[in-house]
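So the chains spell out like this:
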Amino acid sequence: MISSGDTAWMLVATALVMLMTPGLSLFYGGLVRSKNVLGTMMQSFICLGLVSVLWIAYGYSLAFCGDAGGVIGTFRWVGLKGVGIDAGPYSDTIPHLLFAAFQLMFAIITPALITGAFAERMKFSVFLLFVILWSTFVYLPVCHWVWGGGWLGRLGALDFAGGTVIHVNSGTAALMAVLVIGRRKGYKTQPIYPHNLPLTVLGASLLWFGWFGFNAGSALAANGTATLAFFTTQVATGTAALSWILAEKIIRGKPTTLGAVSGAVAGLVAITPAAGFVGPVSAIIIGFVAGILCYLAVLLKERIGYDDSLDVVAVHGIGGLWGALATGLFASVGASGLFFGNAHQFFVQIIGAGSAIIYSGIVTTIILLVLKYTVGLRVSEEEEIQGLDVSQHNESGYAIR
Amino acid sequence: MKKIEAIIKPFKLDEVKEELQTLGITGMTVTEVKGFGRQKGHKEVYRGAEYQVDFIPKIKIEIIVPSAMEDGVVQGILRSAKTGKIGDGKIFISALEEVVRIRTGETGDDAV
């Protein structure tokens, strides 16, 4: 029976998760050079359109309708046929259509997260193709494995709000994208500054706000689990912002604003799979480690020298992996992790994250290589110097420079 | 007539302006500029990336005065812009051929 309380909360939570994608576009937009601000924001924003259409066409069906061999759904809900306003198979208290809408917002932000890795150099037209192919061949299967009745969910892998499906998945894809597309022109030879950090702070704040919908909404009900997820989200995020700037202070001398907001995002990522399964003290530990670990991953990237423009691998890949494993350590509510007497859970988490890394890594690479050698991934050198705003969209972010 | 250009520390602009007004100058032009001299730049850090910023923000003031006032104005700038630390800036003095006030067509000292 549909509950008006649960339905009201899930409508709001769905809208909150929607807000994360524009928030992400601000977060990324501020981090690039001013000539690329619109091109970068557009890559996130347009996912709101593209993935919505794809979701109705066949996406929701392939992720959530039935099961074919544990790896993918079926085509029976194509066009959302049969997905109506009555309570559905995934929740007894909210309309099935609302569940589909909530899941849609997750499907939108996941490819948008990857855009930070190849920021400032990808063709817009090919980017759109990439989103269609990646959503179809990577997101939908992995989503099905964990949440749609696939093999990982049946194995007992814990992923409260998408640490594996969204963050490990997009972080791995980001790493492959960086390796296939190559560095930006001028990387390491000329300074590449963030052009507007206040935009980035605003974007991170909107992400944080929207993330309450993402994590607490994943309870699919207005109940105690949602409250726990809400609370752990807050403390893990705040702690990670602190621990990132603490590590900065020790290693580089000054705590930075960009460090604080990056830490917050790392904390959000890390608590995502654990949000409804851990207590507040565990959340603090998860957040604390996330801030330091992701900062060290950023420093390691600088050492190795691959050009992950906006650190998607370090923040979402490493933060997501830590979160997935930490869930297997700290789970104590509704499930038990290693520290609560269930070592088996930790190994299941390793299998879950590991299989997402392997699958996403291989399939993303194939998609990117096919695009690279057919239509080409990168804008021309001249267009790259000119900037994406003018070369891809015929407009400029700012009238006064 | 002389053109006096001075590169100064931005926070000293008000003091310099007030000092020169007491000396009776009738106008000045101010520009925000960037450059380097002996003063070193600073370091900026964005996540893992460290950048050395060589161009430091400064203020450039331009003043046109009758030749007789040159020495007083230069002394005035020295008094008001000096901190004694590296990066205080420089003063450039050059002879000026002609000045024309656009509204009236006056020339020379009358136009200053």
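Predicted, not measured: the structure shown is a model, and the values here were computed from it.

## Focus on the side chain of Q345 of chain A
All names here are of chain A.
Then comes step 1: Its location among the elements puts Q345 in helix α13 (residues 343-374).
Then comes step 2: The exposure class of Q345 is buried, given its relative accessible area of 7%.
Then comes step 3: Separated by 3.1 Å, the side chain of Q345 and the backbone oxygen of G156 make a polar contact.
Then comes step 4: Those residues in contact with Q345, other than ones at most four positions away along the chain, are G156, A157, L158, G328, S336 and G337.

## Quick word on the environment of L310 of chain A
Then comes step 1: Mapping L310 of chain A onto the fold places it in the loop between α11 (280-304) and α12 (312-330).
Then comes step 2: Residue L310 of chain A is classed as buried on the basis of its relative accessible area, which comes to 4%.
Then comes step 3: Spatially, the C-alpha atoms of L310 of chain A and D86 of chain A are 42 Å apart, while their sequence positions differ by 224 residues.
Then comes step 4: Once you skip the residues sitting within four places of it in the chain, L310 of chain A turns out to touch Y28, L31, V32, G116 and A119 of chain A together with R47 of chain B.

## Some words on unusual backbone geometry
Then comes step 1: Phi at K188 of chain A is positive, roughly 75°, even though this residue is not glycine.
Then comes step 2: Along the chain, K188 of chain A turns up in the loop between α7 (163-181) and α8 (197-216).
Then comes step 3: A positive phi angle, near 50°, is found at R47 of chain B, a position not held by glycine.
Then comes step 4: Here R47 of chain B lies in the loop between β3 (42-46) and β4 (49-53).
Then comes step 5: Residue classification places R47 of chain B among the buried residues on the basis of a relative accessible area of 4%.

## Some thoughts on the interface of chain B and chain A
Then comes step 1: The interface of chain B with chain A comprises 10 residues on the first partner and 18 residues on the second.
Then comes step 2: Around 1,100 Å² of area is buried between chain B and chain A when both sides are counted, 55% of it from carbon and sulfur atoms.
Then comes step 3: By the criterion of area lost to chain A, the three top residues of chain B are Y46, R47 and Y51 of chain B, representing 64% of everything that side buries.
Then comes step 4: Where chain B touches chain A, the interface holds 2 salt bridges.
Then comes step 5: In this structure, E50 of chain B engages R252 of chain A in a salt bridge whose closest nitrogen and oxygen atoms are separated by 3.1 Å.
Then comes step 6: Our count for the contact surface shared by chain B and chain A stands at 6 residue pairs in polar contact (both at pLDDT 80 or more).
Then comes step 7: Put simply, the parts of the chain that give the side of chain B that touches chain A at least two residues each are β3 and β4 of chain B.
Then comes step 8: The residue inventory of the side of chain B that touches chain A, partitioned by class, reads 5 nonpolar, 1 polar and 4 charged.

## Describing the sheet that holds strand β6 (residues 90-95) of chain B
Strand pairing in a sheet relies on backbone hydrogen bonds. The paired strands run either parallel or antiparallel.
Residue and element names in this part refer to chain B.
Then comes step 1: Pairing is antiparallel in the open sheet, where 4 strands are placed in the order β2-β5-β1-β6. Strands with a single pairing partner mark the edges of an open sheet, and in this sheet they are β2 (29-35) and β6. Put simply, the sheet's adjacent strands are angled 20° from each other on average, direction ignored.
Then comes step 2: Sheet topology note: the β2/strand β5 (residues 56-65) ladder contains 7 bridges and is antiparallel. Bridge pairing in β5 links K34 to P57.
Then comes step 3: Lying on the sheet, helix α1 (residues 13-22) is in contact with β1 (2-8), β2 and β5; it crosses β5 at an angle near 10°.
Then comes step 4: Packing of helix α2 (residues 70-81) onto the sheet brings it into contact with β1, β5 and β6, and relative to β1 it is tilted by some 5°.

## Quick look at the pairing of β3 of chain B
All names here are of chain B.
Then comes step 1: By the bridge criterion, 5 bridges tie β3 to β4 in an arrangement that is antiparallel. Bridge assignment links Y46 to a residue of β4, and that residue is A49.
Then comes step 2: Connecting β3 to the antiparallel partner β4 that follows it, the hairpin turn spans 2 residues, and R47 within it adopts a positive phi of roughly 50°.

## Things to note about the side chain of S170 of chain A
Residues and elements named next belong to chain A.
Then comes step 1: Position of S170 among the secondary structure elements: in helix α7.
Then comes step 2: Judged by its relative accessible area of 0%, S170 falls in the buried class.
Then comes step 3: Of the polar contacts made by the side chain of S170, one reaches the backbone oxygen of I166; its length is 2.7 Å.
Then comes step 4: Those residues in contact with S170 that sit more than four places away from it in its chain are T110, L113, I114, W134, V312 and H316.

## Digging into the pattern of salt bridges
Opposite charge on two side chains makes pairing possible when the charged atoms of those side chains draw close.
Then comes step 1: Per the counting criterion, the structure on display carries 19 salt bridges over all chains.
Then comes step 2: A salt bridge links E302 of chain A to K301 of chain A; its shortest N-O distance comes to 3.6 Å. The same class applies to E302 of chain A as to K301 of chain A, namely buried.
Then comes step 3: Notably, a salt bridge pairs R79 of chain B with E19 of chain B, separated by 2.8 Å at the nearest N-O pair. Pair noted here: R79 of chain B is in helix α2 and E19 of chain B is in helix α1, with a separation of 60 residues, a long-range link.
Then comes step 4: Exposure remark for R79 of chain B: the relative accessible area of 51% places this residue in the exposed category.
Then comes step 5: A single network of salt bridges, built from pairs that share partners, joins K188, K301, E302 and D311 of chain A together with R47 of chain B.

Procedures and definitions
- Residues numbered from 1 in each chain as written.
- Chains lettered and ligands numbered in written order.
- Predicted model: local features only at pLDDT ≥ 70, side-chain atom pairs only at ≥ 80, totals over all residues.
- Heavy atoms only, no water.
- Helix = DSSP H or I, 4+ residues; strand = E, 2+ residues; numbered from the N terminus.
- Buried < 20%, exposed > 50% of the residue type's maximum accessible area, 1.4 Å probe, protein only.
- Polar contact = N/O pair within 3.5 Å; in protein donor to acceptor, adjacent residues only side chain to side chain.
- Contact = heavy atoms within 4.5 Å.
- Buried area = accessible area lost by both parts, 1.4 Å probe.
- Salt bridge = Lys/Arg side-chain N within 4 Å of Asp/Glu carboxyl O.
- Nonpolar A, V, L, I, M, F, W, Y, C, P; charged D, E, K, R; others polar.
- Pairing = 2+ DSSP bridges.
- Axes fitted to C-alpha atoms, helices over the stretch in contact; angles between N-to-C directions.

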